Amino acid sequence: ADEVDLERLLFDCTKPGDNTSCLRNIDGDILITYPKGNCKLHNNLTLAIVSLLGRQYLYDYKGEICSYETIQGPEFDLEGLYIVSNSKKYGIIDVSGNIIVPIIYDDIEIRFDNNDMPRAAVRKDGKTGLLEIESNSLIIPFNYDSIGENSGTWITLSGHYLVRKNGKFGLINANLHNITPFKYD
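Each chain has its residues counted from 1, running along the sequence as written. Per-residue local features are limited, in this predicted model, to residues with pLDDT of at least 70; the limit for side-chain atom pairs, both in listing and counting, is 80 or more; totals at the level of whole chains, interfaces and linings are taken over all residues. Water and hydrogen atoms were dropped before computing side-chain values, which therefore reflect all heavy atoms in the structure.

(A) Structural view of the overall build of the chain. Only runs of H or I of at least four residues qualify as helices and only runs of E of at least two qualify as strands under DSSP, and these elements are numbered from the N terminus. Secondary structure summary: the chain contains 0 helices and 18 strands in total. The buried label goes to any residue with under 20% of its type's maximum accessible area, the exposed label to any with over 50%, and the partly exposed label to all in between, with areas taken from a 1.4 Å probe on protein chains only. Scored against the burial criterion, the 185 residues of the chain give a buried share of 39%. Between two residues, a contact is recorded if the distance between any of their heavy atoms is within 4.5 Å. Taking as baseline every contact in the chain between residues at least 6 positions apart, the subset at least 24 positions apart corresponds to 22%. Here the open area of atoms and residues is found with the Shrake-Rupley method and a 1.4 Å probe, where only the protein chains shown may cover a residue. Carbon and sulfur atoms make up 47% of the accessible area of the chain, which amounts to about 10,400 Å² in all.

Printed below as a string of structure tokens:
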């Protein structure tokens, strides 16, 4: 089991019959007050996402880390990676609020490859590419309509990627060479 750092614990506190809640640290300090039900605790109760006045705020035991229009996460227990958005553009931050993937994409989705490495399917100007999250490097360029299909399966066992181009599916390998032609519905 993961060890919990007691000094970093957060508490979502509500008085009976009250419509507001507050986020407190272990010392009892009130970090923020918000409408009841607008807080989600994460990361072994050491991080919180608070929704308030059309924005979302990421808090730790010291106080506010950052705020965005939306904060989603943490994604797949990836050591606290969060998808964030501002002005309908998406990116990824870490638990300290550091931007890992710039907030420039029209859409973003985190998934794993065959080696359990996190990847981000990113959409920009109507095309989809694939990023290696840690290095923020493009693995698959923005040449495709989509990567994967509705089932969410987008990487095959031998490192081949199911992609759609001009409405048809095909397979490419890690070197971006076509394995199958783009002719499948």
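(B) Quick look at the pattern of salt bridges. We count a salt bridge whenever a side-chain nitrogen from Lys or Arg sits within 4 Å of a carboxyl oxygen from Asp or Glu. The tally for this structure, following the rule as stated, stands at 4 salt bridges. Across the pair Asp106 and Lys89 runs a salt bridge, and its minimum N-O distance is 2.4 Å. Linking Asp106 in the loop between β11 (99–105) and β12 (107–112) with Lys89 in strand β10 (residues 89–93), this pair joins segments that are 17 residues apart in sequence. In this structure Asp106 comes out as partly exposed when scored by relative accessible area, which is 29%. Since its relative accessible area comes to 29%, Lys89 is described here as partly exposed.

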